[in-house]
Amino acid sequence: MTNPTDKTDLNELHLGRRPFLRGLGLTALGGLALASPFGAAFAADAAQAPEASAEGPFTVTDVEGRTVAFERRPQKFAVGNYILGFLFVSGGAGLAKVAALPQDGWEATRTGEYRVLTQAFPQLKSIPSIGGYHDDILKTETILSIRPDVLLINRSQFAANSAKVAVWEKAGIRTVVLDYHSIKLETHAKSTELLGKLLGREAVAESLIREYRDALTLVADRLKDLPDAEKPKVYVECGNMGLAAYGNSYNKTILWGAILEAAGARNIARDMKAPYGALDREFVLASNPDVIVIAGSIWAGHESDQMRMGLTVKEDEAKARLAGFASRPLWSRVKAVQEKRVLGVDHGSLRMMMDYVYTLWLAKELHPSRFEDVDVEKIPGDFYRRYLPEVDPAGTFFTMSIRTGPGRPLRAR
């Protein structure tokens, strides 16, 4: 019988659906049962399962509340956003159904993601582009010429192109709106459910949803009685602009702001009117945050000192760049720097079903005594191996430049 305190064995067993819990055995924790038929083995089986057989007419309701009717399951997709989310549900074989992507600026905007996906699937490079990867521009004429069965877009793309939807629909191109930007269980789950239905991969979608739900439920349960006085003041900045200019921060409704809400933090940008925007240096200094989080990726421009994190990024490079942010002028006055609580995190792995790992990680960083049994180190690598094993997930997903201990630099393994 497995020793319930053996971390290695439990990580290999994944403790049912929860690969992030260690040393607890198959018991109940805070009212949440750990034993489950949807374990890691089920997830692996689901990811390799064949598609459900084709069916007749059906309807779906997307995240905008729109009912979209199909005469049969679509076989030709234009993926206007969330290509990784699509592939986690479809599996590598599902790429054969992708007829169009927003290729413009993809490599420059998400370099690590582009490198590992095109290495695993070289055919991605030859798929026609229908617009910009990091903007809301969609090329109507190109979409009409490709004539996919369905166009998948996000909410901002839908808002910016709402007048074109009727044109696409008249041409027989159904439009379905997804949302992984809100970083909420309900929108992540709804979007994944939609992909599962459209692709005939409902079992995979359910596995992904349950894994995500488990993680957020665990965090919510552990923090439900957290007093406001114990919530650290946190500043998050997207480090794409380098050291001289301050990058975007996020209010409570989106991306890192939504994660901070769930992780038991007081976000200094929480009530910002815009969903995201750069904060003034004086405001950041005056707020005197307890913790600073710099989100990194690989972006074109500011290559010398931007924050680098994520797929393909080496740990030493991430740590060195984060040290540069911690040494910004006047930041020595800030509590987070004085107490060595400056963290780096991967911005490129947001907007997908794996991003629950960041809620877990930040909750543990902010409230270590409540999450001593939570182990996030293996989640990114294991997640890719379960749902998209063709892709090499090597990279640096969380790190800190000036602190050691429980939050040591973590990489996919």
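**Q** Sorry, what's going on with the overall build of the protein chain here?
**A** Within the protein chain, the secondary structure is distributed over 16 helices and 17 strands. Among the 413 residues that make up the protein chain, the fraction classed as buried is 58%. Considering only intrachain contacts with a sequence separation of at least 6, the fraction spanning at least 24 residues in the protein chain is 68%. For the protein chain, the exposed surface amounts to about 16500 Å²; the carbon and sulfur share of it is 52%.

**Q** Explain the packing of helix H9 (residues 185-199) against helix H10 (residues 202-223) to me, please; I cannot follow it from the model alone.
**A** When two helices pack together, their arrangement is given by the angle between their axes and by how far apart the axes lie. Two elements in contact, H9 and H10, have axes separated by 8 Å at closest approach and are oriented at 170 degrees. It follows from the interaxial angle that H9 and H10 lie roughly antiparallel. In this structure, H9 contributes Leu185, His188, Ala189, Thr192, Glu193, Gly196 and Lys197 to the contact, and H10 contributes Glu202, Ala205, Leu208, Ile209, Tyr212, Arg213 and Leu216.

**Q** Just checking my understanding: could you explain the sheet that holds strand E5 (residues 77-79) for this structure?
**A** Adjacent strands of a sheet pair through backbone hydrogen bonds, lying either parallel or antiparallel. Strands sit in the order E6-E5-E7-E8 across an open sheet of four strands; the sheet is parallel. One side of each edge strand has no neighbouring strand; the edge strands of this open sheet are strand E6 (98-100) and strand E8 (174-178). Ignoring which end each strand starts from, the neighbouring axes of this sheet average 35 degrees apart. As paired strands, strand E7 (residues 150-154) and E8 are joined by five bridges and run parallel to one another. From the neighbouring strand, Leu152 faces E8, where its bridge partner is Val176.

**Q** Teacher, can you tell me more about the nonpolar core here?
**A** Counting residues in each nonpolar core, the largest one holds 89 residues, and the members touching the most others are Phe86, Leu117, Leu152, Val176, Trp256 and Tyr358. Tallying contributions element by element places H10 first for this core, with nine residues.

**Q** Would you mind showing me how to read the side chain of Thr140 here?
**A** With respect to the helices and strands, the residue Thr140 is situated in helix H6 (residues 140-146). On the basis of relative accessibility, which here comes to 18%, the residue Thr140 falls in the buried class.

**Q** Help me out: how do you make sense of the packing of aromatic side chains in this one?
**A** Aromatic rings in a pair are described by how distant their centres are and how their planes are angled relative to each other. Scanning all chains against the criterion turns up 16 aromatic pairs. On the basis of an interplanar angle of 80 degrees and a centroid distance of 5.0 Å, the ring pair of Tyr82 and Tyr180 is categorised as edge-to-face. Taken together, the residues Tyr82 in the loop between E5 and helix H3 (83-90) and Tyr180 in the loop between E8 and H9 connect sequence positions 98 residues apart. We note that Tyr82, like Tyr180, is buried. With a centroid separation of 6.4 Å and an interplanar angle of 80 degrees, the aromatic rings of Tyr235 and Trp331 are classed as edge-to-face. Note that Tyr235 is positioned in strand E9 (residues 233-238) and Trp331 in the loop between helix H13 (315-326) and helix H14 (335-338), a separation of 96 residues in sequence. Taken as a pair, Tyr235 and Trp331 share a single burial class, namely buried.

**Q** Sorry if this is basic, but what is going on with the pattern of salt bridges here?
**A** Side chains that differ in charge, positive against negative, can pair when their charged atoms come close. Inspection of the entire model under this criterion finds 22 salt bridges. Here Arg72 ties to Glu71 by a salt bridge, and the two come within 3.8 Å at their closest N and O atoms. Both residues of the pair, Arg72 and Glu71, count as exposed. Residues joined by salt bridges that share partners form a network here, namely Asp62, Arg66, Glu169 and Arg174.

**Q** Could you clarify how one ought to interpret the environment of His347 in this entry?
**A** With respect to the element layout, His347 can be found in the loop between strand E15 (342-346) and helix H15 (356-366). Taking the C-alpha atoms as reference, His347 lies 5.1 Å from Ala295; in sequence the two are 52 residues apart. The residues contacting His347, other than those within four sequence positions of it, are Arg110, Cys238, Tyr250, Leu255, Trp256, Ala295, Gly296 and Trp299. A distance of 2.9 Å separates the side chain of His347 from the side chain of Trp256, its partner in a polar contact. Here Arg351 takes part through its side chain, which lies 3.2 Å from a polar atom of the side chain of His347.

**Q** Looking at this structure, how should I read unusual backbone geometry?
**A** The phi angle of most residues is negative, glycine excepted, and most peptide bonds adopt the trans form. Of note in this structure, Leu330 is not a glycine but carries a positive phi near 75 degrees. Examined against the element boundaries, Leu330 turns out to sit in the loop between H13 and H14. In the Ramachandran plot, Lys340 falls in the positive-phi region, its phi being about 60 degrees despite a non-glycine side chain.

**Q** I would appreciate a short explanation of the pairing of E15 in the present structure.
**A** It is a general feature of regular strands that their side chains alternate between the two faces of the sheet. Extensive coverage of E15 is indicated by the burial of five of its five residues. Burial along E15 is two-sided: Val342, Gly344 and Asp346 and Leu343 and Val345, pointing in opposite directions, are all buried. Pairing geometry for E15 and strand E16 (residues 395-400), over three bridges, is antiparallel. Bridging across to E16, Val345 finds its partner in Phe398.

Rules and cut-offs
- Residues numbered from 1 in each chain as written.
- Predicted model: local features only at pLDDT ≥ 70, side-chain atom pairs only at ≥ 80, totals over all residues.
- Heavy atoms only, no water.
- Helix = DSSP H or I, 4+ residues; strand = E, 2+ residues; numbered from the N terminus.
- Buried < 20%, exposed > 50% of the residue type's maximum accessible area, 1.4 Å probe, protein only.
- Contact = heavy atoms within 4.5 Å.
- Areas by Shrake-Rupley, 256 points an atom, 1.4 Å probe, with all protein chains shown as cover.
- Axes fitted to C-alpha atoms, helices over the stretch in contact; angles between N-to-C directions.
- Parallel < 35°, antiparallel > 145°, perpendicular 65-115°, else oblique.
- Pairing = 2+ DSSP bridges.
- Core = buried A, V, L, I, M, F, W, Y, C linked by side-chain atoms within 4.5 Å.
- Phe/Tyr/Trp six-rings, centres within 6.5 Å; stacked < 30°, edge-to-face > 60°.
- Salt bridge = Lys/Arg side-chain N within 4 Å of Asp/Glu carboxyl O.
- Polar contact = N/O pair within 3.5 Å; in protein donor to acceptor, adjacent residues only side chain to side chain.

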